[in-house]
Each structure stands twice: as structure tokens, then as C-alpha cells.
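Chain and residue survey
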Amino acid sequence: LGAAPQIDADRFRVEAAVAKAATAPEAAIEDALLLPASKSANALARIAGVWTKNDAHGAIAHADYLEDADLKTTFKNAVLREWAAYDPEAMLAYIVDLPAAEQDGLQAGAVQALTLLEPERALAAAESFSGQLATLMRRAALMSLAGDDALAALRHAEALPPGGEREQLFSVIAQTYGRTDPAAAIAWAQSASPEQLTNVLLGVARSDPERAIDILLTLPGAMDQQRMTQALFMNNVLSAGQAATIADRLLAQPGRGSALQMLTGAWAQRAREDDLNWLLANRSRVTTRAVAHAGINLARTNPTAAVGYLDRIPGELRATWISAVAEGYAQQDAVAAAHWIEQYRGEPGYDAAVAAIAGRTA
């Protein structure tokens, strides 16, 4: 460095410390700790990788000698990543032998190790753990299995005790199934439950949205159709054009007003211009309540935008829009809504608006 002052001194010292790690890893760490914090973290991670290839147990044990908590975590995670990459079985065996409290601190490395094992072997390994680590490892293994054999993954999930973890896994696996094998997933879900059909449909929509829409609109039950329409829209898997397609086809189906109202209400939150333009273009065929529902939802999330639409609303819907905006606005800020409505005193819709704001204020 003295002979070549133009060289980046810190970077040179990082490379020297990493080179030293092959024969003197502890000394290499001491060198790395003398660097600025931003450089020492990078050096420690690279030294950990070199040390782990030669002596994984020695490397992980040395982490406890690092006083800085952040650097200790950086070093330990780097050891676990490298160990998982070349010998995941040995790494898992090491974690299994640790007390439960120490296992929880090694979640990232353990889960990464599972991704390198056959899914069935990974599931067996997860049974050796408990608590949050076991949950994370089981989820990672089942997600890996679902990509190759979703039915096998579902069978494993079904064997779990009833509860939140089981339902979450069912949901995620069913979506994976719908995305990778739509026809088989739909056949399975139709014999399972409406909830699983919803999950499968979410997966189908991510790979084949037109097919998901066709399935949705041929459902015989209005309640099932409403719930699944809401799930598709709120999970952000439909474009504005696809939402309009569903709205047009729902409008043509008798007895689907509740599903249409739910769709337009959710649409107003995500794409207010598209939704409201569609409602206004079809105002002779949609219910007044659908317009009101869209106004409530829009005002709940963006009252300024909802108020701005008042000049564009047809005269016959003005009173409906005023009261709907007041109801949604009051859910966000009742005091501001009360000040806003004062300017419409005496207009149609004012009394209903004041009643909605008063109720929310109370």
C-alpha cells in the first residue's frame, strides 16, 4: 500500500483478509474487524465462506467470539449459507443437536438447507424441530413439493392438526396447484370445498386469467361467485380490462347484483377511474346501490378523489354520491367529513350524509 498509494486501501485489506482465511481464519477475522464497519461486514461474510469449507463447526463456533451483534449475525448467516450449499445434511444434524432457543436463531440457514434437499427428506427433517423453526421448515418443504406433486403436498398438509398453519398451507399449496396444473386443480377443488376452489382459482388466474374468469362466471351459487370475485380482485390478480369483462358478464346474469356490487366496490379502491367510468357508462343498468357502494369505498381510502368526482356524477345520482362520500369519508375522518358536508346544506342527500357522519362520530 505504501508503494502504491493509488490503490483503494480498505478494499486491498479486505482481499488480503479473505486470502489469509484459508490458512489462518481467526487472524483473518481480526484483520477484518479493523476495517470500517461497512467493509468489515462484507469481509466477514467472505471469510466465513472460506472457513466453512475447511471447518464448518469451527467457523460457526467462532461466531460467539464476535462482540458486535450485527457482525455476529452476518458471520453466522454466511456460515450457514455456505454449509447449506455443500452439505445440508450435516448442517441440519448440527442444528438438531442445539437447544431449542439456539435453533430459533438459525432459521434462515436451516430453511435454505431444506431447499437443497429432496422435499420428502426435508419434511422428515422438519419433524426434528419445534416451534417457529419447524413451521418455517415445513412450509418451505411443502412449497418445494407442491411444485412437483401438489396432491402429495396437500396430503401432507391435511395430516397436520386443525388450525392456522394447516389452513395457510392448504391455501398456498392450492394456489400453486392452480397455477401449475389448472385442469387437475379445478377438478380436485370442486370435490373439496368452496374455500379450496377459491384458492385454486387464485392460482389459475395468475397463469390463465381468462380461464379463471370463465370458471368464476359459470359458478351456480351467487354467494360462491361473490366470494371468489372478491378474492380474485383483492389479491390483485385481475387487470382493469379483466375486471370490466367480469362486470359486463355479471351485469348480463340475473340475480348477480350482490356480486356486481362487491366487484365495483373493490374496483373503486384499486382503479377508481376505470370503475367509475364503467359505472357511469352503464348507469341505466346498474343499481343505485352499486354506485353508492363504489363511492363509500373510494371515500374511505381517498376522500379527495371521491369529492372530485361530484362534478362528473349525473344529476340523478348526485344525492346518492353526496351521502355515499360522506359515509366513506366519515370512516376515515368524521370531523373533516362534517366540515365538508356543510357546503351542501339544503341539497338532496344532505340529511342522509349528516346521519351517516353523526353515527360514525358517535
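In case you missed it, the structure is sitting above this.
The text that follows walks through the structure, step by step, so that each part is easy to find. (Residues numbered from 1 in each chain as written. Predicted model: local features only at pLDDT ≥ 70, side-chain atom pairs only at ≥ 80, totals over all residues. Heavy atoms only, no water.)

**Remarks on helix 11 (residues 164–180)**
Compared with the 24 Å implied by 1.5 Å per residue over 17 residues, the 25 Å span of helix 11 between its first and last C-alpha is a close match. Looking at helix 11, one finds that the buried residues are Arg-166, Leu-169, Phe-170, Ser-171, Ile-173, Ala-174, Gln-175, Thr-176, Tyr-177 and Gly-178. (Helix = DSSP H or I, 4+ residues; strand = E, 2+ residues; numbered from the N terminus. Expected span 1.5 Å × (residues − 1). Buried < 20%, exposed > 50% of the residue type's maximum accessible area, 1.4 Å probe, protein only.)

**Here's the deal with a nonpolar patch on the surface**
Among the surface-exposed residues, Leu-1, Ile-7 and Phe-12 lie close enough to one another that they form a single nonpolar patch of about 250 Å² accessible area. Given the relative accessible area of 43%, Phe-12 is considered partly exposed. (Patch = residues over 30% accessible without salt bridge, like charges linked within 9 Å, V, L, I, M, F, W, Y side chains within 5 Å. Areas by Shrake-Rupley, 256 points an atom, 1.4 Å probe, with all protein chains shown as cover. Salt bridge = Lys/Arg side-chain N within 4 Å of Asp/Glu carboxyl O.)

**Quick notes on the environment of Leu-44**
Looking at the element boundaries, Leu-44 is found in helix 3 (residues 37–62). Leu-44 sits in the buried class, given a relative accessible area of 0%. Beyond its immediate chain neighbours, meaning those up to four positions away, Leu-44 contacts Ile-29, Ala-32, Leu-33, Leu-71 and Phe-75. (Contact = heavy atoms within 4.5 Å.)

**Notes on helix 8 (residues 119–126)**
Within helix 8, the full set of buried residues consists of Pro-119, Ala-122, Leu-123, Ala-125 and Ala-126. Seen end-on, helix 8 carries its buried residues on one side only, within an arc spanning 160°. (Arc of directions from axis to C-beta.)

**Regarding the nonpolar core**
Within the largest apolar cluster, 110 residues are counted, with the highest numbers of intra-cluster contacts made by Phe-75 and Trp-321. For this core, the element with the most residues is helix 21 (residues 318–341), which contributes ten residues. Residue contacts for Trp-321: discarding those within four places in its chain leaves Leu-276, Val-291, Gly-295, Leu-298, Ala-306, Tyr-309, Leu-310 and Ile-313. (Core = buried A, V, L, I, M, F, W, Y, C linked by side-chain atoms within 4.5 Å.)

**Re the packing of aromatic side chains**
Under the definition given, this model contains six aromatic pairs. Ring centres of Tyr-309 and Trp-321 lie 6.5 Å apart, and the angle between their planes is 50°; on these two criteria the pair is classed as tilted. A residue pair is termed long-range when its members are at least 10 positions apart, and Tyr-309 in the loop between helix 20 (303–308) and helix 21 and Trp-321 in helix 21 qualify at twelve residues. What makes Tyr-309 buried here is its relative accessible area of 4%. Taken together, the ring pairs connect Tyr-329, Trp-340 and Tyr-344 into an aromatic cluster. (Phe/Tyr/Trp six-rings, centres within 6.5 Å; stacked < 30°, edge-to-face > 60°.)

**Considerations on the side chain of Arg-138**
Along the chain, the position of Arg-138 falls in helix 9 (residues 131–148). Of note is the side chain of Arg-138, whose polar atom sits 2.7 Å from the side chain of Glu-165. If sequence neighbours within four positions are ignored, Arg-138 has contacts with Leu-123, Ala-126, Glu-127, Leu-160 and Glu-165. (Polar contact = N/O pair within 3.5 Å; in protein donor to acceptor, adjacent residues only side chain to side chain.)

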